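The lines below spell out each chain.
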Amino acid sequence: MQGGLAFLKYFVCKGYRYVLLAGIHKAHYSAVDTNPLSVYIMQPIWNKIIKIVPLWIAPNLLTFSGFVMILFNYFLISFYDWDYTASGTSPGLVPTWVWLFSAFTTFCAYALDSIDGKHARRTQSSTPLGELFDHGLDSWATSIFVLSFFSVCSCDNGKTGVSVYTMYIYLSIVLFNFMCSHWEKYNTGVLFLPWGYDISQVVTYLLTGTVGVEVWQKPLLFGYYITDLLVILLIGKSPDLCKSKTLKNDSLYEGLLPLVSPLLLFVLLTVWVVLSPSNILAKQPRLFLWMVGVAFSNVICKVIICQMSSTRPELLHWFLFPLALVVGAAISGLLGGMEEAALGAFTALVTAAHLHFGVCVVSTGLSHTKQVANLCDFSLG
């Protein structure tokens, strides 16, 4: 009996120290950063910053702190610019200190997200839960970064800015690019980090705060404005996909399975945008785009878990069913004047469900980690 327990202890502690939810997760984490700005300029800075981080600070605390700063900055900008019109119609409506604060929080969030993994390896506390926590928050932070950035561009006012429909398309492209990075890892085992955001956004906020938002509303060539260039930069930094030639899934169906729910989600949302009787995106751009970001984040998180645990993703995410009902009722006219209320209710539903999902995943991961730790500390004497 003691021999069996000793073997079990050795098996768990040495062979499978990384247990994650539904499956076994290998300790090897393979990721490639191809962003030249990150590789040649920022990485040396992060390597110096990490040396001053106290060893007693948990890596997940760095990850969460960065996300909270992004979230706080988003709500601050939303307070001054709820409908994305302040920069175009009333440039002085958003105080200068808000843009400078945005630059500070964006830099801190970017730094914390870049050093949390380094700190985990430095303190020998890397875990699958930490990886999931990091990528899960990144999937949500990606949309929040973009939604905050849109306030610099402003909605189209007839002269400058971009339309809310352009915002929706650009946000979808950025989110799908993030999704493709993890879809690629699901199929190849290698994560090519997306170029979703970098220090260039910090520079944009700094210039906005010091020179004024008017600097981005200067005309360029052929009737285009600098704001058009800014939003193009959000998607122009997308890396090439499928760099790795080694596939984990031989079946085409299994390889494409993680893309089904994101694509159907985009189709349903686009149908709502195009066929909405009350032009819901123009009436509630911030609320609608927030809902898009949260919904995509939850769908992507499910793919991340399957990718990490080598399990099969579900064909249809459950968000698709209530969304289909809302969209069907909206475009058929059944909702009438209640379309905005329905958007608010569905947004509250997906946000609450996403928060609940995050809490459950973290608590389950901590429970598994504690069980492994207890088994490793179990006395066989």
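Residues numbered from 1 in each chain as written. Predicted model: local features only at pLDDT ≥ 70, side-chain atom pairs only at ≥ 80, totals over all residues. Heavy atoms only, no water.

Caption draft 1: Representation of the packing of helix α6 (residues 128-153) against helix α7 (residues 164-188) within the structure. Where α6 contacts α7, the axes come no closer than 9 Å and their chain directions differ by 160 degrees. Taken as axis vectors, α6 and α7 run roughly antiparallel relative to one another. Once α6 is placed against α7, the crossing between them reads as right-handed. Side by side, α6 and α7 meet where Glu-131, His-135, Asp-138, Ser-139, Thr-142, Ser-143, Val-146, Leu-147 and Phe-150 of the first sit next to Met-167, Tyr-170, Leu-171, Val-174, Leu-175, Phe-178, His-182 and Lys-185 of the second. (Axes fitted to C-alpha atoms, helices over the stretch in contact; angles between N-to-C directions. Helix = DSSP H or I, 4+ residues; strand = E, 2+ residues; numbered from the N terminus. Parallel < 35°, antiparallel > 145°, perpendicular 65-115°, else oblique. Left-handed = near helix turned anticlockwise from the far one by under 90°. Contact = heavy atoms within 4.5 Å.)

Caption draft 2: Structural detail: the UniProt feature "transmembrane region" (unreviewed entry) in the protein. UniProt's feature table lists "transmembrane region" (unreviewed entry) at residues 52-76, 96-112, 162-180, 219-236, 256-275, 287-305, 317-335 and 341-362, given in the numbering used throughout. Across residues 52-76 one finds 72% helix and 0% strand; the C-alpha atoms that close the span lie 30 Å apart. Annotated as 89% helix and 0% strand, the span residues 162-180 places its first and last C-alpha atoms 26 Å apart. (UniProt positions renumbered as here; feature names shortened; annotations may be inferred.)

Caption draft 3: Main features of the environment of Ser-87. In this fold, Ser-87 is placed in helix α4 (residues 86-89). If we skip the residues at most four places from it in the chain, Ser-87 touches Trp-99, Ser-151, Val-152, Ser-154, Val-213 and Gln-217.

Caption draft 4: Geometry of the packing of aromatic side chains. Summed over the entire model, instances satisfying the criterion amount to 18 aromatic pairs. Ring geometry for Tyr-80 versus Trp-97: centroids 6.3 Å apart, planes at 85 degrees, classification edge-to-face. Taken together, the residues span a long stretch of sequence, with Tyr-80 in helix α3 (residues 59-80) and Trp-97 in helix α5 (residues 96-122) at a distance of 17 residues. Aromatic pair Trp-318 and Phe-319: ring centres 4.6 Å apart, planes at 75 degrees, arrangement edge-to-face. Taking relative accessible area as the criterion, Trp-318 reaches 39% and is therefore assigned partly exposed. Linked through ring pairs, Phe-67, Tyr-74, Phe-75, Trp-140 and Trp-290 together constitute an aromatic cluster. Here Arg-286 stacks its cationic end above the ring of Tyr-84, 4.0 Å away from the centre of that ring. (Phe/Tyr/Trp six-rings, centres within 6.5 Å; stacked < 30°, edge-to-face > 60°. Buried < 20%, exposed > 50% of the residue type's maximum accessible area, 1.4 Å probe, protein only. Lys NZ or Arg CZ within 6 Å of the ring centre and 35° of its normal.)

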